[in-house]
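Chain residues, written in single-letter form:
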Amino acid sequence: MVTGMASAAEAVAKATTPSIRTRQNQSYWRRFGVFYIMMAPALIVLLMNNYLPMVGSLIAFKQIVYSSPSFFQSFLDSEWVGWENFNYLFSTTDAWLITRNTLGYNAAFIFLNLVVGVTLALLFNAMRSSKLAKLHQTTMFLPYFLSMVVISYLVYAFLNPEIGIINKVVLPALGYNPIDWYTEPKWWPYILPIINTWKGIGYYAIIFLAAIIGIDNEYYEAATIDGASKWRQIWNITLPLIRPVMIILTLLQIGRIFYADFGLFFQVTRNSGILYDTTLVIDTYVYQGFIVSGDIGMSSAAGLYQAVVGFVLVLVSNFVIRRISKDDALF
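Residues numbered from 1 in each chain as written. Predicted model: local features only at pLDDT ≥ 70, side-chain atom pairs only at ≥ 80, totals over all residues. Heavy atoms only, no water.

Participant: Would you explain unusual backbone geometry in this entry?
Facilitator: Working note: non-glycine residues mostly have negative phi, and peptide bonds are mostly trans. With a phi angle near 55°, R270 is a residue other than glycine that sits in the positive phi range. Topologically, R270 is positioned in the loop between α11 (262–268) and α12 (276–279). When its relative accessible area of 40% is taken as the criterion, R270 is described as partly exposed. Despite not being glycine, N271 has its phi angle at roughly 50°, a positive value. You can see N271 is positioned in the loop between α11 and α12. (Helix = DSSP H or I, 4+ residues; strand = E, 2+ residues; numbered from the N terminus. Buried < 20%, exposed > 50% of the residue type's maximum accessible area, 1.4 Å probe, protein only.)

Participant: What exactly am I supposed to notice about the packing of helix α6 (residues 148–159) against helix α7 (residues 165–174) here?
Facilitator: It is at 5 Å that the axes of α6 and α7 come closest, and there the two elements cross at 45°. By the criterion of interaxial angle, the relationship of α6 to α7 is oblique. Within the contact between the two elements, α6 uses A157, F158 and L159 and α7 uses I165, I166 and N167. The class makeup of the residues in the contact of α6 with α7 is five nonpolar, one polar and no charged. (Axes fitted to C-alpha atoms, helices over the stretch in contact; angles between N-to-C directions. Parallel < 35°, antiparallel > 145°, perpendicular 65-115°, else oblique. Contact = heavy atoms within 4.5 Å. Nonpolar A, V, L, I, M, F, W, Y, C, P; charged D, E, K, R; others polar.)

Participant: So what exactly am I meant to see when it comes to the packing of α6 against helix α8 (residues 188–213) here?
Facilitator: The geometry of a pair of packed helices is captured by two quantities: the angle between their axes and the separation between those axes. α8 packs onto α6 with a crossing angle of 130° between their chain directions and a minimal axis gap of 12 Å. The angle between the axes of α6 and α8 places the two elements in the oblique class. The interaxial crossing formed by α6 with α8 has right-handed handedness. Counting all contacts with α6, which are made through M148, I151, L154, V155 and L159, the residues of α8 involved are W188, I191, I195, W198 and K199. (Left-handed = near helix turned anticlockwise from the far one by under 90°.)

Keep in mind that these numbers describe shape and distance, not what the molecule does.
Spelled out as structure tokens, the structure:
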């Protein structure tokens, strides 16, 4: 009899559970369905632009041969070559050179963007005149919209060996001899970080400034009452409260540490071969290899390699941050 009662209870539970779940699902979609509809256009665009193109990563493992007018058909007809396309990046004597330059420059860019960006944001926030502050912000932000082609001509106007401002005005005034900038590689590890910082620092300064403006003034008022100086307020209030923004921007930059700004290293240096020891990076190296060989598989392999390494670096960096401060991690 007890067994029969248990079986009946189980039957009732099985019969009522689906109906309960169905009602819960219906209630959920009635409450949140409109939000999914609102998200649908953005999700479709994200899928079309960011995820479907990932299928093209298979090109990195194939030897593309244009056997028909249709590229898609040529892609299907091309044979698999495994890891052979990746050997191009590591089997040459330039592998260490391009990896060192790419990582070294990007590490310097990340450091300068963080330090200089936060410093400028603090200075903008401390300015008493709002009109002057907006003028300086606009002035600093303007180079961000300039293309590297335009910047390359601006740089050339300064560094031209014969009529450049540096050689014609600055160096003679300081008592130094003119320098042929485009034939001496030793100067470019300093020139390129300066140019990159000048171009993009307004963008980072505005982001940090927005984070600073969002801090409640009551913190500073309490610190002033306690007798804290401006420096102590910055060190103990401003920097800790904008630390999440600093970490997020740094992680995003770390994710692209194996990518180099092609325009910066190709256009600004005018692709001078004599400067390759200090200006050749993965992107320009692959571009030149593609122009010479026309091998799209090799170029795709380089892009996939950069993306995977960047993804791993973001995961590792985020894991380290979570171990130090869980609240400051990106995810």
